[in-house]
Amino acid sequence: MDIKQKIEKANEEALRRLNLGEPFLVDIAPAGDVIPGMQGKIITHAGPPLEWNRMCGAQQGAIIGMVIYEDWATNPDDARKLLDKGEIRLEPNHHHQAVGPMAGTISPSLPVWVVENKAFGNRAFCRQVEGAQQFGDYSEQALQGLRMWRDVWAPTLRKALHTIGGLDLKPIITKALQMGDELHNRHTASSSLFANQMAVAIAQTEYENKGAVIGTLKYITNHELIFLGLAMAAGKAIADPVRDIEYSTVVTAMCRNGVEFGIRVSGLGDEWFTAPAPVVNGLYMPGYSAEDAGLDMGDSAITETVGWGGFVIGGAPGILGLVGGTPEEALNYSREMKKITVGVHPTYRMPILGFAGVPTGIDVRLVVKENIAPVIDTAIAHKDPGYPKIGAGLLRAPVECFKKALIAFGKKYSS
């Protein structure tokens, strides 16, 4: 069997594993209790590895916020001193089976979604989604949102989740894609479907604090992006079994930290292939412009890694009011993504394209050969620390990452 045949066989196995993924929400628990290696003073972050002094403003701001949230410091100046001294470990989420939106910061006491891929038995984790601290805002109001999640919303949801024995996420994802979500920045349908199921679970559960129940119901029924954290954990849980398939050229992770964009490839194990993080072409909230924007950031491109987000944006025209572009361009993006993937998903489908399966399994060979980079839709953070979300837009992953990976692949497997 020649190398091309070995690659094709390996990629068939990668696609098989991607398509077999069965994501279940099994728990909502403090990160330190469930994420491997989350002991002591540690904060995990989005993107490939990066030292504190090289981090962008938004990621530094988010980490400062987590230090204060954990009561390791009482103010931003003291938090920065601890970080400058290296007294807090900073490691990528992906090194701990986790993902996080935007700055992606997770600390030991922060509750995370725990998603198990029932087909393979592996678990993945993601923090909750909000529009302030994860973008670098460390104000008291931003940190109070984390405390409410820790003290009220997450425990209330956890008890209800245990009442129903967990929640199958695949039917929600399947329906949401047919209802106009793309599962990266538009979660209107998926969040509503999730809230409906959890509201029934809450009603079936005994609570002592009625105020916490009402507050949690208001939280889940008014949070149109609540399912993003679940989709990200699901994507990570689906992608991880594809790692370490010898001869496979399928991408297992794409992420960014506001400085670098990084990818991992199945047949190349845990090695990161990086390039400078791109500029996001986007729309801005009142009072902000492109001059205020930081570079692309977040682990949320795990959604595109498994075929959602920008890959299915043609079926989610409602998102264009947030990220820009036209319906025709969106349809072309989805058609184009099929040219750089090894197959399609049998269950996740796009009605707008004749119920075609979503493009699945990014192949670094095809990205380089076709010179077509993955499309990603994303939010935009400020270039400086201390700000909430300022916009959203579209970008292309840097082809340089894929070229580096292909060169490394050739060196490893041609000898």
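Residues numbered from 1 in each chain as written. Predicted model: local features only at pLDDT ≥ 70, side-chain atom pairs only at ≥ 80, totals over all residues. Heavy atoms only, no water.

Enquirer: Break down the overall build of the protein chain for me, with residues and values.
Expert: When helices and strands are tallied, the protein chain shows 14 helices and 16 strands. Its C-alpha atoms give the protein chain a radius of gyration of 20 Å, near enough to 22 Å, the size a compact globule of 415 residues would have. Overall, the protein chain is about 65 × 50 × 40 Å in size when its C-alpha atoms are taken along their principal axes. As presented, the protein chain carries roughly 15400 Å² of accessible surface, and 51% of it is formed by carbon and sulfur atoms. (Helix = DSSP H or I, 4+ residues; strand = E, 2+ residues; numbered from the N terminus. Rg over C-alpha atoms; globule rule 2.2 N^0.38 Å. Areas by Shrake-Rupley, 256 points an atom, 1.4 Å probe, with all protein chains shown as cover.)

Enquirer: Just give me the short version of unusual backbone geometry, but keep the residues and values in it.
Expert: At Leu 183, a residue that is not glycine, the phi angle is positive and equals roughly 70°. Here Leu 183 is to be found in the loop between helix 6 (170–178) and helix 7 (188–203). The class for Leu 183 is buried, based on a relative accessible area of 0%. One non-glycine residue with positive phi stands out, namely Asp 244, at about 65°. Note on placement: Asp 244 falls in the loop between helix 9 (226–239) and strand 8 (251–257). (Buried < 20%, exposed > 50% of the residue type's maximum accessible area, 1.4 Å probe, protein only.)

Enquirer: Now, about the nonpolar core: what can you tell me, with residues and values included?
Expert: By size, the foremost hydrophobic cluster in this structure holds 114 residues, and its most contacted members are Phe 194, Ile 263, Trp 308 and Phe 402. The element contributing the most residues to this core is helix 9, with 11 residues. Dropping the residues within four chain positions of it, Ile 263 is found in contact with Val 251, Ala 253, Met 254, Glu 271, Trp 272, Phe 273, Val 364, Cys 401, Phe 402 and Ala 405. Counting 10 residues, the second-largest nonpolar core is a separate cluster that includes Val 26, Ala 31, Met 38 and Phe 125. (Core = buried A, V, L, I, M, F, W, Y, C linked by side-chain atoms within 4.5 Å. Contact = heavy atoms within 4.5 Å.)

Enquirer: Can you explain the packing of aromatic side chains? Please cite residues and give values.
Expert: Counted according to the given criterion, the structure contains 9 aromatic pairs. Centroid distance Tyr 247 to Tyr 413: 4.4 Å. Interplanar angle 35°. Geometry classified as tilted. Note that Tyr 247 is positioned in the loop between helix 9 and strand 8 and Tyr 413 in helix 14 (residues 399–413), a separation of 166 residues in sequence. Side by side, Tyr 247 and Tyr 413 carry an identical accessibility label, which is buried. Members of the aromatic cluster, joined through ring pairs, are Trp 113, Trp 149, Trp 153, Phe 194, Tyr 219 and Phe 227. In this structure, Lys 118 is placed above the aromatic ring of Phe 24, and the distance from its NZ or CZ to the ring centre is 5.4 Å. (Phe/Tyr/Trp six-rings, centres within 6.5 Å; stacked < 30°, edge-to-face > 60°. Lys NZ or Arg CZ within 6 Å of the ring centre and 35° of its normal.)

Enquirer: Can you tell me about the sheet that holds strand 10 (residues 273–276), naming the residues and giving the values?
Expert: Sheet architecture is open: 4 strands sit in the order 10-9-8-12, paired in antiparallel fashion. At either end of the open sheet lies a strand with only one pairing partner, and these are strand 10 and strand 12 (297–298). For strand 8 and strand 9 (residues 260–265), the ladder comprises 5 bridges, and the chain directions are antiparallel. Bridge pairing in strand 9 links Met 254 to Ile 263. Against the sheet, helix 14 engages strand 8, strand 9 and strand 10, with an angle of about 150° to strand 10. (Pairing = 2+ DSSP bridges. Axes fitted to C-alpha atoms, helices over the stretch in contact; angles between N-to-C directions.)

Enquirer: Hey, could you go over the packing of helix 6 against helix 7 for me, with residue numbers and the actual values?
Expert: At a minimum axis distance of 8 Å, the contact between helix 6 and helix 7 shows a crossing angle of 140°. Considering the angle they form, helix 6 stands oblique to helix 7. Like other packed secondary-structure pairs, helix 6 and helix 7 cross with a definite hand, here right-handed. Across from Ile 172, Lys 175 and Ala 176 in helix 6, the residues of helix 7 making contact are Ala 189, Ser 190, Leu 193, Phe 194 and Gln 197. By residue class, the composition of the contact of helix 6 with helix 7 is 5 nonpolar, 2 polar and 1 charged. (Parallel < 35°, antiparallel > 145°, perpendicular 65-115°, else oblique. Left-handed = near helix turned anticlockwise from the far one by under 90°. Nonpolar A, V, L, I, M, F, W, Y, C, P; charged D, E, K, R; others polar.)

Enquirer: Account for the sheet that holds strand 6 (residues 122–127), with residues named and values stated.
Expert: With mixed pairing, 5 strands are arranged side by side in an open sheet as 4-6-5-1-7. The open sheet is flanked by strand 4 (98–99) and strand 7 (167–168), the only strands paired with a single partner. Two elements, strand 1 (residues 23–30) and strand 5 (residues 111–117), share 7 bridges in a ladder whose sense is antiparallel. Bridging from a neighbouring strand, Ala 29 pairs with Val 112 of strand 5. Packed on one face of the sheet, helix 5 (residues 140–164) meets strand 1, strand 5, strand 6 and strand 7 and runs near 135° to strand 1.

Enquirer: Please provide a residue-by-residue account of the pattern of salt bridges, values included.
Expert: As enumerated under the stated definition, the model contains 21 salt bridges in all. Note that Arg 123 is salt-bridged to Glu 116, the shortest N-O span being 2.9 Å. Assessed through its relative accessible area of 35%, Arg 123 is described here as partly exposed. The class of Glu 116 is buried, set by a relative accessible area of 15%. Residues Arg 186 and Asp 181 are paired through a salt bridge, measuring 3.1 Å at the closest nitrogen-oxygen approach. When its relative accessible area of 21% is taken as the criterion, Arg 186 is described as partly exposed. (Salt bridge = Lys/Arg side-chain N within 4 Å of Asp/Glu carboxyl O.)

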